[in-house]
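Residue-level listing of the chains:
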Protein chains: 2
Amino acid sequence: MTTRRDAVHDTLRQSEGFRSAQDVYAEMRLHGAKIGLTTVYRALQALADKGQVDVLRTDDGESVYRACATDTHHHHLVCRQCGRTVEVAGPAVERWAEAVGSEHGFTEITHTVEVFGTCSSCSTQARTG
Amino acid sequence: MTTRRDAVHDTLRQSEGFRSAQDVYAEMRLHGAKIGLTTVYRALQALADKGQVDVLRTDDGESVYRACATDTHHHHLVCRQCGRTVEVAGPAVERWAEAVGSEHGFTEITHTVEVFGTCSSCSTQARTG
DNA sequence: CCAGATTTTGACAACCATTTTCATTCCGAC
DNA sequence: GTCGGAATGAAAATGGTTGTCAAAATCTGG
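Here we look at the overall build of chain A
Now for step 1: A count of helices and strands for chain A gives five helices and six strands.
Now for step 2: Tracing chain A from N to C terminus, the helices and strands come up as α-β-α-α-β-β-β-β-α-β-α.
Now for step 3: Burial analysis of chain A (129 residues in total) assigns 42% to the buried set.
Now for step 4: Relative to all contacts within chain A whose residues are 6 or more apart in sequence, the contacts with residues 24 or more apart total 48%.
Now for step 5: In the structure as shown, chain A presents an accessible area of about 7300 Å², 49% of it carried by carbon and sulfur atoms.
Now for step 6: Computed over 14 positive and 17 negative side-chain charges, the inter-centroid distance for chain A is 8 Å.

Digging into the pattern of salt bridges
Residue and element names in this part refer to chain A.
Now for step 1: This model, assessed by the stated rule, comprises eight salt bridges over all chains.
Now for step 2: A salt bridge links Arg 19 to Asp 23; the nearest nitrogen and oxygen atoms lie 3.6 Å apart.
Now for step 3: By relative accessible area, Arg 19 is classed as partly exposed at 21%.
Now for step 4: Notably, a salt bridge pairs Glu 87 with Arg 66, separated by 2.9 Å at the nearest N-O pair. Placement of the pair is Glu 87 in strand β5 (residues 85-88) and Arg 66 in strand β3 (residues 63-66), with a sequence separation of 21 residues.
Now for step 5: By sharing partners, the salt bridges in this structure join Arg 19, Asp 23 and Glu 27 into a single network.

Structural notes on the protein's contact with DNA strand D
Now for step 1: The environment of DNA strand D is made up of 15 residues, and the closest members are Gln45(A), Ser63(A), Arg4(B), Thr39(B) and Arg42(B).
Now for step 2: Taken together, the sugar and phosphate atoms account for 65% of what DNA strand D places within 4 Å of the protein.
Now for step 3: Here Thr38(A) contributes a side-chain N or O atom positioned 3.4 Å from a base oxygen of DNA strand D.
Now for step 4: Between a phosphate oxygen of DNA strand D and a side-chain N or O atom of Gln45(A), the distance comes to 2.5 Å.
Now for step 5: Broken down by secondary-structure element, the contributors of at least two residues to the surface near DNA strand D are α3 (37-49) of chain A together with α3 (37-49) of chain B.

With respect to the interface of chain B and chain A
Now for step 1: The interface is formed by 37 residues belonging to chain B together with 37 residues belonging to chain A.
Now for step 2: Summed over both sides, the interface between chain B and chain A buries roughly 2900 Å², with carbon and sulfur atoms accounting for 63% of that surface.
Now for step 3: For the chain B face of the interface with chain A, the top three residues by lost area are Arg57(B), Trp96(B) and Phe106(B), together amounting to 23%.
Now for step 4: Summed over the shared surface of chain B and chain A, the result is zero salt bridges.
Now for step 5: The tally of links from chain B across to chain A stands at 16 residue pairs in polar contact (both at pLDDT 80 or more).
Now for step 6: At the level of elements, β4 (75-79), β5 (85-88), α4 (91-103), β6 (107-118) and α5 (120-128) of chain B are the ones that each hand at least two residues to the side of chain B that touches chain A.
Now for step 7: Top contributing element to the side of chain B that touches chain A by residue count: β6(B), with 12 residues.
Now for step 8: Looking at the side of chain B that touches chain A residue by residue, the class counts come to 16 nonpolar, 14 polar and seven charged.

A look at the relation of the copies chain B and chain A
Now for step 1: By a simple turn and slide, chain B fits onto chain A: the slide is 0.0 Å along the axis, the RMSD is 0.1 Å, and the turn is 180 degrees. Considering both components of the superposition, the chain copies are consistent with a two-fold axis. Of the C-alpha atoms belonging to chain B, the one lying closest to the rotation axis is found on Val113(B), 2.3 Å away.
Now for step 2: Interface overlap between copies: 100% of the residues of chain B at the interface are likewise at the interface in chain A, consistent with a symmetric, same-surface contact.

Re the pairing of strand β2 (residues 54-57) of chain A
Now for step 1: Residues Asp54(A) and Leu56(A) of β2(A) are buried on one face, while the alternating residues Val55(A) and Arg57(A), pointing to the opposite face, are not.
Now for step 2: Two successive antiparallel strands, β2(A) and β3(A), enclose a turn made up of five residues, where Gly61(A) displays a positive phi of approximately 85 degrees.

Observations regarding the protein's contact with DNA strand C
Now for step 1: Around DNA strand C, the structure places 14 residues, and the nearest of them are Arg4(A), Thr39(A), Arg42(A), Gln45(B) and Ser63(B).
Now for step 2: Sugar and phosphate atoms form 64% of the subset of DNA strand C atoms that lie within 4 Å of the protein.
Now for step 3: Note that a phosphate oxygen of DNA strand C is positioned 3.1 Å from one of the backbone N or O atoms of Lys34(A).
Now for step 4: Between DNA strand C and Thr38(A), the relevant distance is 3.1 Å, taken from a base nitrogen to a side-chain nitrogen or oxygen of the residue.
Now for step 5: Looking at the surface near DNA strand C, the elements with two or more residues in it are α3 of chain A together with α3 of chain B.
Now for step 6: Tallied by class, the residues present in the surface near DNA strand C amount to three nonpolar, seven polar and four charged.

Basis of the calculations
- Residues numbered from 1 in each chain as written.
- Chains lettered and ligands numbered in written order.
- Predicted model: local features only at pLDDT ≥ 70, side-chain atom pairs only at ≥ 80, totals over all residues.
- Heavy atoms only, no water.
- Helix = DSSP H or I, 4+ residues; strand = E, 2+ residues; numbered from the N terminus.
- Buried < 20%, exposed > 50% of the residue type's maximum accessible area, 1.4 Å probe, protein only.
- Contact = heavy atoms within 4.5 Å.
- Areas by Shrake-Rupley, 256 points an atom, 1.4 Å probe, with all protein chains shown as cover.
- Lys, Arg positive; Asp, Glu negative; His and termini not counted.
- Charge placed at Lys NZ, Arg CZ, Asp CG, Glu CD.
- Salt bridge = Lys/Arg side-chain N within 4 Å of Asp/Glu carboxyl O.
- Near = heavy atom within 4 Å.
- Polar contact = N/O pair within 3.5 Å; in protein donor to acceptor, adjacent residues only side chain to side chain.
- Buried area = accessible area lost by both parts, 1.4 Å probe.
- Nonpolar A, V, L, I, M, F, W, Y, C, P; charged D, E, K, R; others polar.
- Least-squares fit on C-alpha atoms with pLDDT ≥ 70 in both.
- Pairing = 2+ DSSP bridges.

Rendered as structure tokens:
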């Protein structure tokens, strides 16, 4: 039965940005879903393992998840105010990482790249308010 | 009294790669240092705030620290076997991050970039052993 | 439809890195 | 010497995450 997992996945899809397991749990409960925290964690892990959601770590060590549109390799441009996230491709970065790695004799190169900023709406609000 | 902080900094400098607070603490105790875990955490935070050590998060959420040679902005190429770390500059990546950000109307762009791989010694050992 | 095997679920407890608390120690100022 | 503020560290608290285990749901063959 993947009903719960689907429900978690759906909840995640309704969000613009990255959400923590606790967030997802709270939101599902708010919407009347009958689900336990443990199950949310398990569903999230399962989805992450299957590559159906992306995971990253907040500065304070919390794992946050996001259901991304593309299932191909990509990176994220995240607004540090509202969390709005844009998926970006970066062929240049991929090549750079490979080059840097082999240059120093490293093999099996992987990399993590995340870009943070303040999105236009948030910077407008900041100016206005 | 920055004696403790210096001691922590020194311990970090003697390490090739990134070390966790607990690692640093254990190492210092091994070498006979009389210091508490709390102080190690505080020293590490202070050093990180001052930009004298670099911090990053392990996959399992642990904070790891490293005393880097350059105090200018740089990234890391980390061996996922032995932890050996090479500091790398990446002007191309800096430009790319800026471009991606402004392209989507984001301002105050920052980024995190880490490259992981298997270093030559470790891959040799893997073949040999 | 039923009994038994298997999987999923979730309340609760355990974990563990990190932080907070707070009493003590240290050190310079006077 | 001693007053005051900063540093220290043992112990307790915090909080996200994971493990436990029994109950519930689902599947299986009869």
